[in-house]
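Architecture at a glance
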Amino acid sequence: RDNEVQVGDAIFDLIENLDISNVPTNKVSLAGLDQKDLNEMISDALCLYPRISKSLSDIVFQKTKGNPFFVLEFMKSLQSRGLLQYDSSQKRWVWNEDAIRAEEITDNVLYLLSKKMNQLSDEMQILLKVMACFGTSTNESVFEYLSKSPQYSGILDELEGAISVGFVVEDGVHVYKFAHDKVREAAYDLIPDSERKQFHYNLGKVLHSICDGNDVGDTILVIATQINHGRDFILKDDELCLPIVKLNMSAGKMSIDSCRHKTAYAYLEVASSLLPNDHWESHYDISLRLGFMMASAANSSCKYNDAEMILRRILKEARCTKDKLPSYFLLSQILQAQGKVVDAYSTCSSILTQLGETIPETVEPVEAVATIRETLRKYDEVYGDDWLGKKMEDYTLRYVVRFYAQMNTSAFFFKVPHIISYFVCKAVELSLNNGVCQHTPLSLLQLANVVIRSGSNASFAHRIAKNAMTLSERFDSTDQMAELNLTFYNAVGHLECFQLGAQRLRVCFESALSSGNANIGFFCAVQSFNFSIFSGEKELGSLLKEIDYYLHLLETYKSEVSKKYTLCSRATISLLIDKGEETSIETKEYQGDISDPGNKFLDTYYCQQVFRNFWLGYDERCRHFAQKAFARIRGTYLYHIITFYYGLNLIDILKKKVNATRQKEVEEIIESMKVTVTLADSNIRNKLELLQAEMHGLGTHHQEAVALFKAAIASAKKSRFIHEQGLACERAGFYHKKMGCAQDALVYFQQAHSCYKEWGSIVKVDAIQKELDRFSSIGTMILYKNERCCDK
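Residues numbered from 1 in each chain as written. Predicted model: local features only at pLDDT ≥ 70, side-chain atom pairs only at ≥ 80, totals over all residues. Heavy atoms only, no water.

Before going further, it helps to spend a moment on the packing of aromatic side chains. Applying the stated criterion to the full structure yields 45 aromatic pairs. Ring centres of Tyr379 and Phe460 lie 6.2 Å apart, and the angle between their planes is 50°; on these two criteria the pair is classed as tilted. On the criterion of sequence distance, the pair formed by Tyr379 in helix α21 (residues 365–382) and Phe460 in helix α26 (residues 458–472) is long-range, its members being 81 residues apart. Phe460 carries the same exposure label as Tyr379, and that label is buried. Between Phe523 and Tyr565, the aromatic rings sit 6.0 Å apart at their centres with planes inclined by 70°, giving edge-to-face as the arrangement. You can see Phe523 sitting in helix α29 (residues 518–535) and its partner Tyr565 sitting in helix α31 (residues 560–578), a full 42 residues away along the chain. Here Phe523 matches Tyr565 in class, with each residue buried. An aromatic cluster is present here, built from Phe412, Phe413, Phe523, Tyr565, Phe601, Tyr605, Tyr606 and Phe625 joined pairwise through their rings. (Phe/Tyr/Trp six-rings, centres within 6.5 Å; stacked < 30°, edge-to-face > 60°. Helix = DSSP H or I, 4+ residues; strand = E, 2+ residues; numbered from the N terminus. Buried < 20%, exposed > 50% of the residue type's maximum accessible area, 1.4 Å probe, protein only.)

Written as structure tokens, this is what we have:
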């Protein structure tokens, strides 16, 4: 309702976010009644002709702006005060125009509501005041608790009366709410400004005295909110401080559990303010627990500086290393989220050293390879029910495994691969030797990633990754599921369905954000973008809107590393849509130090460059970036994507000029894909068939080429790779055109046009349209008048 909701209201942010996320919404603007409609309504209500009621409706419109709720209240007010009454002698309603016009009534009729409320009984006014303190709605259980106190013993009896006068309505089962937000505003105005804090505080104290020690569910949030209005009163009563600290800690814990992190931080901040100055000495356990909860809530609310400050205070005051472990770990996560990966790594390295682990500065590649080999041998030897049934009991050792996993995540962004491999193996060996814990699955997934990147045994890596995900189900690993899925798809994503991976990672983003781990959540989003782009899983325009929504969120969450990856994906999509002519934004793709082997952003950057340059037809640039990428991404899902496009790129060169070296390169790519397709049929088969079709087309194997083009199109369609279906159609069209099969070529180009349109690439649609336009020219049709069909 435009006349009630002002610009800047949260509803507009919600609508914008839904639009950006491509969520269908219907916007219904509820304007007030216009003068004509209002007159008809009053005419019907008073059973008068519209020409008679018009003088009254004009005044009502002037006073209420046509708001139906305000109209109703205004008319009731006129009737109750005798300014509108039924005249028996005239047998019709009559009114005093001059008196009504002279009424000094504000546009939002708060005056009317307040005046009406002041005429109610003291008991009903108390009910309205209490409800106003609780907000727009109140659960019946709260009234039941209050009714147990002498002060509010009759409050339940007043509910029916409040409903009958129209101020309160039932909202579902056992929930009551104000009929309008203006009613709540008028009810709150019954409490003088100078008395509001005291009223809230007293209300909270009554509830606390009744509910203390009982399981009252989320009513505890109501109690804490009311009492916290009187923080100044609490500080004057030393005996009351500690119980209210515990109350707010309970409210904070409940808010964290329901993913309301900013609300949790507010409760915990109040709790902290009520502790004495010497609380680390006098209330150590509470201080330790409260501090960590505050840091967690601050981190989840993007208050990174506050979280880091709280954690460093804990690390200073905590009495033993064991008490510091959770804070060290959260600190490393916060540093990681801010892109301070070296500091995060150093934090993990430091605490691991304190816990007795040896963390070498460098590791020789030969030593890393030997360690991997021994770890895999031992894994193959011990994996089974006996090992899975053996739990790691040592609390500190479990944290050692956890810190290794976190350190490896940080090291990924700046350390060379063989160092990461060495530490991954150390973490896995701790579980192999001492039993499994909730952090073992992540270590195993990191091991699978190491195996994949070594290019040694994809099948074994896939088995390790699958076993890790199965193992995670044995533990309550809900808070780790986003990171587990991220690592799983990063390691063996090319062996799983790309579309399902993209969808699963989106879900993980939402769950990670809700649970407060925004850093992992955004990396899940980054990975989902890659899967979507490379698999054609989503229409490009929709994907661009989705990415812009994430960039909007990143303005709040301040994850610069994720932002860099996201902008890279956005640039690719923008170029694929229209070469960035209408869809680009002002930004610069920052590559970092291109000579640094630990610069993992280059893995994605080079692969995105290969992808975008292939589709835009920039052959030299495509080949240039592919050769750069191959040195970095061996074995990963990116490797198999880039190999395919690089292979097609080489074939295009061979079409222009025969080159034995490049032909052999393509043949090696095809042989490699024949192995991979046995592990990942849905992702690889269409690519293999298209490469084979093109190679057959270079020679004289025409029937084989035609059959493989058809197979590639069918496989791409089955895997829902709409862009690669279009690509196979396009290349089949050019092949048939070369062979003089005009009708077949035309059909394939039309199919390609349809696929590219569905994909959302204006660039490719326009390119194919040019080919189709050639078929409509007389000259082209003459050229193909003696066409022969390649299928015959």
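Now that the structure is up, let's keep going.
Relative to the elements of secondary structure, Leu397 occurs in helix α23 (residues 395–411). Residues Leu397 and Thr362 lie 35 residues apart in sequence; the distance between their C-alpha atoms is 24 Å. Apart from residues no more than four positions distant in its own chain, Leu397 is found in contact with Met392, Leu430 and Asn434. (Contact = heavy atoms within 4.5 Å.)

For Cys302, which is not glycine, the phi dihedral falls at a positive 70°. By secondary structure assignment, the location of Cys302 is in the loop between α17 (284–300) and α18 (304–317). One non-glycine residue with positive phi stands out, namely Lys579, at about 60°. Note that Lys579 resides in the loop between α31 and α32 (601–616).

With 17 residues, α17 ought to run about 24 Å at 1.5 Å a step, and its terminal C-alpha atoms sit 24 Å apart, in line with that. Where burial is concerned, most of α17 is hidden: 14 out of the 17 residues are buried. Of the residues one or two after α17, Cys302 is the one with positive phi, at around 70°. (Expected span 1.5 Å × (residues − 1).)

This paragraph deals with the packing of helix α27 (residues 481–492) against α29. The packing of two helices is summarised by the inter-axis angle and the distance between the axes. α29 packs onto α27 with a crossing angle of 35° between their chain directions and a minimal axis gap of 9 Å. Here α27 runs over α29; the crossing is left-handed. Contacts between α27 and α29 pair Ala482, Glu483, Leu486, Tyr489 and Asn490 from the former with Ile520, Phe523, Cys524, Gln527 and Phe531 from the latter. (Axes fitted to C-alpha atoms, helices over the stretch in contact; angles between N-to-C directions. Left-handed = near helix turned anticlockwise from the far one by under 90°.)

Summarising the element assignment, Glu308 is placed in helix α18. Of the residues examined, Glu308 reaches a relative accessible area of 15% and is grouped as buried. Note: C-alpha distance between Glu308 and Ser327 (19 residues apart in sequence) is 9.4 Å. If we ignore the near neighbours within four places in the chain, the residues touching Glu308 are Leu331, Ile334, Leu335, Gln338 and Lys340.

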